[in-house]
Amino acid sequence: MNKYDAVVIGAGSTGVPIALALAEAGEHVLVIDKHASVGQGENKHAIGGVRATHSDRAKIVTALRSLEIVSTWRQLYGDNIEWVEGGYLFVVYREEDAKTLKSLFPLQKSYGLHIDWIDKESVKEKVPGINDNGLLGGIFSPHDGNMSPLLLLNGYARRCLAQGVEFRFKESVTGINRDRDNKSVSGVKTNKAEYSTDIVINAAGASIREIGAMVDIDLPVQPDSHEAAVTEPVKPFFNPMVVDIRPEEGSKSYYFYQNALGQIIFCITPSPPILGTDIRSTSQFLPQIAKRMINLLPRLKYINVRRTWRGLYPMSPDGQPLVGEAKKLSGFIIAGGMCGQGLMLGPGIGELVGRYVTNKLTLQDLHVLDGFSLERDFGKVEVLK
Ligand SMILES: Cc1cc2nc3c(=O)[nH]c(=O)nc-3n(C[C@H](O)[C@H](O)[C@H](O)COP(=O)(O)OP(=O)(O)OC[C@H]3O[C@@H](n4cnc5c(N)ncnc54)[C@H](O)[C@@H]3O)c2cc1C
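A separate point is the site of the ligand. Near the ligand there are 37 residues, and of these Ser13, Thr14, Asp33, Glu42 and Cys339 occur at the shortest range. Interatomic distance of 2.7 Å between a backbone N/O atom of Cys339 and an oxygen atom of the ligand. Here Gly340 contributes a backbone N or O atom positioned 2.9 Å from a nitrogen atom of the ligand. When the free accessible area of the ligand is taken as 1,000 Å², the share hidden by the protein chains comes to 97%. Residue assignment for the shell around the ligand shows that the elements contributing at least two residues are strand S14 (222-233), strand S19 (305-315) and helix H9 (342-357). Residue composition of the shell around the ligand, by class: 15 nonpolar, 18 polar and 4 charged. If you count residues domain by domain, the shell around the ligand takes at least three from each of domain 1 (2-65 + 149-220 + 318-371) and domain 2 (87-143 + 222-315).

Pasting the structure below:
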């Protein structure tokens, strides 16, 4: 039986960065995925937004590191991941939203984040043609941005291969082996083979609960589905990711941006959530979001939609990831529950888990792990969940 220092379950937004961090620390790593290549789970369903402007400390610190990684990727490694530092713009039409978003400034600024209130005229400059009826202004963070999720993972995969990481694709994990005393992991079983290891990392995205159940560990992650779409490319006319958090019947927030190729990519948060793992597109999504987007930015009505898709947010009860080692099973490490933010948290979490496994945690890491703890109180919900 092949022996590895660590086996990562899931070649997605989180698993691949973890594999790289471990390999760079000298570990012999195997990554297993049921799909045919990296990023074919939820990674490729993400629309590509990356921001550090969260309302929780652990997420801010993690996403700040992710931003640093993705914004310097091309310079360091040569791959064009279509990174654009377009910023995030929360458009504000209601006093209550201004108050909520501004209340986060002290925390966000204490981590050095550039985020500020901008007035109505500045919003109109950033999003030409925006509906200014009732527009109060916006919250703008210039250093956030967007990129291609798949190009980033391909870049990671190339670096993993160069570091000796092995991948087994089209192979499904069916069981986790334990030592005789049942207290630590000893390997992984798939539909094709068995691998021996003392460290198993459960980064199986929407399936982390199923993998946890294989060792009787309940991970409170429930997938819910979200739809997205992309238009034909048009001449660039706005830069930021535009976020509108006003709820309407059938939906909460929606957001959109124009990517490096000129296409507009957009996504909506259904309300109530659509629970489950069905990823067939609905017929409600496009009319629902098109109405909201065209009302916000009327000139969008001239642009044709090319493709829609539906994917899953692996949701935790409080909107925070779950990262850490299972108390009752040594060597079983969980990195999941990424919700709608696995792309922007994955690179930072990859390095964090790398330091955890190789005993190189910093004091700041301990605080972050506390925020992502498997034993935390799941009743507290983040303001910008
Ligand atoms: C419409 C939409 C838009 C989104 N937009 C954004 C965004 O703009 N920014 C952002 O940060 N996030 C976004 N997300 C969220 C993001 O896609 C997820 O949070 C992220 O991909 C989750 O990463 P992960 O590594 O946990 O899971 P995944 O990327 O899904 O990786 C898990 C992998 O595990 C594999 N796997 C599962 N079970 C097994 C098994 N038994 N055996 C072998 N392999 C297995 C799967 O095949 C999969 O490849 C969006 C999601 C959707 C649906």
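The next subject is the packing of aromatic side chains. This model, assessed by the stated rule, comprises 8 aromatic pairs. Ring geometry for Tyr4 against Tyr195: centres 6.2 Å apart, planes inclined by 65 degrees, an arrangement best described as edge-to-face. One end of the pair, Tyr4, is in strand S1 (residues 2-4); the other, Tyr195, is in strand S12 (residues 194-197), with 191 residues separating them in the sequence. Residues Tyr4 and Tyr195 agree in their burial class; the two are buried. Between Phe266 and Phe285, the ring centres sit 6.4 Å apart and the planes meet at 20 degrees, which makes this aromatic pair stacked. With a gap of 19 residues between them, Phe266 in strand S17 (residues 263-270) and Phe285 in helix H8 (residues 285-296) connect regions that are remote in the sequence. When sorted by exposure, Phe266 lands in the same class as Phe285, which is buried. Put simply, the rings of Phe237, Phe238, Tyr254 and Phe256 pair up and form one aromatic cluster. The ring of Phe140 is capped by Lys126, whose NZ or CZ atom sits 4.5 Å from the centre of that ring. Just above the ring of Tyr93 sits the side chain of Arg246; from NZ or CZ to the centre is 3.9 Å.

Burial runs high along strand S21 (residues 332-336): 5 of the 5 residues are buried. Burial of S21 is two-sided: the residues Phe332, Ile334 and Gly336 facing one way and the residues Ile333 and Ala335 facing the other way are all buried. Direction of pairing for strand S13 (residues 200-202) relative to S21: parallel, over a ladder of 3 bridges. When the bridges of S21 are listed, Ile201 appears paired with Ile333. Here 4 bridges tie strand S20 (residues 322-325) to S21, and the two strands are oriented antiparallel to one another. Bridge assignment links Leu322 to a residue of S21, and that residue is Gly336. Counted between consecutive antiparallel strands, the loop separating S20 from S21 contains 6 residues, among which Gly331 sits at a positive phi close to 90 degrees.

The rules behind the values
- Residue positions are counted from 1 within each chain, in the order its sequence is given.
- Only residues with pLDDT of at least 70 get local features here, since the model is predicted, and only at 80 or more are side-chain atom pairs given and counted; chain-wide, interface and lining totals rely on the full set of residues.
- The basis for every side-chain value is the complete set of heavy atoms in the structure, and neither hydrogens nor water enter the calculation.
- One heavy atom within 4 Å of a molecule or strand is enough for the residue carrying it to be called near that molecule or strand.
- Pairs of N or O atoms are called polar contacts if they sit within 3.5 Å, as long as, within protein, a hydrogen donor faces a hydrogen acceptor (for residues adjacent in sequence, only side-chain-to-side-chain pairs).
- Methods summary: accessible areas were calculated by the Shrake-Rupley approach with a probe of 1.4 Å, and residue burial reflects only the protein chains presented.
- Strands here mean DSSP runs of E at least two residues long; helices mean DSSP runs of H or I at least four residues long; both are numbered from the N terminus.
- Only Asp, Glu, Lys and Arg are considered charged, only Ala, Val, Leu, Ile, Met, Phe, Trp, Tyr, Cys and Pro nonpolar, and every remaining residue, Gly among them, polar.
- A domain assignment, automatic or from a database, supplies the domain bounds used here.
- Only the six-membered ring of Trp is used, alongside the rings of Phe and Tyr, when aromatic pairs are assigned; centres must lie within 6.5 Å, and planes under 30 degrees apart are stacked while those over 60 apart are edge-to-face, with the rest tilted.
- Buried, partly exposed and exposed residues are distinguished by accessible area as a fraction of the type maximum, computed with a 1.4 Å probe on protein chains only: under 20%, between the cut-offs, and over 50%, respectively.
- Two conditions define a charge sitting above a ring: the NZ of Lys or the CZ of Arg must be within 6 Å of the ring centre, and it must be within 35 degrees of the ring normal.
- When DSSP locates at least two bridges between a pair of strands, those strands are taken to pair.

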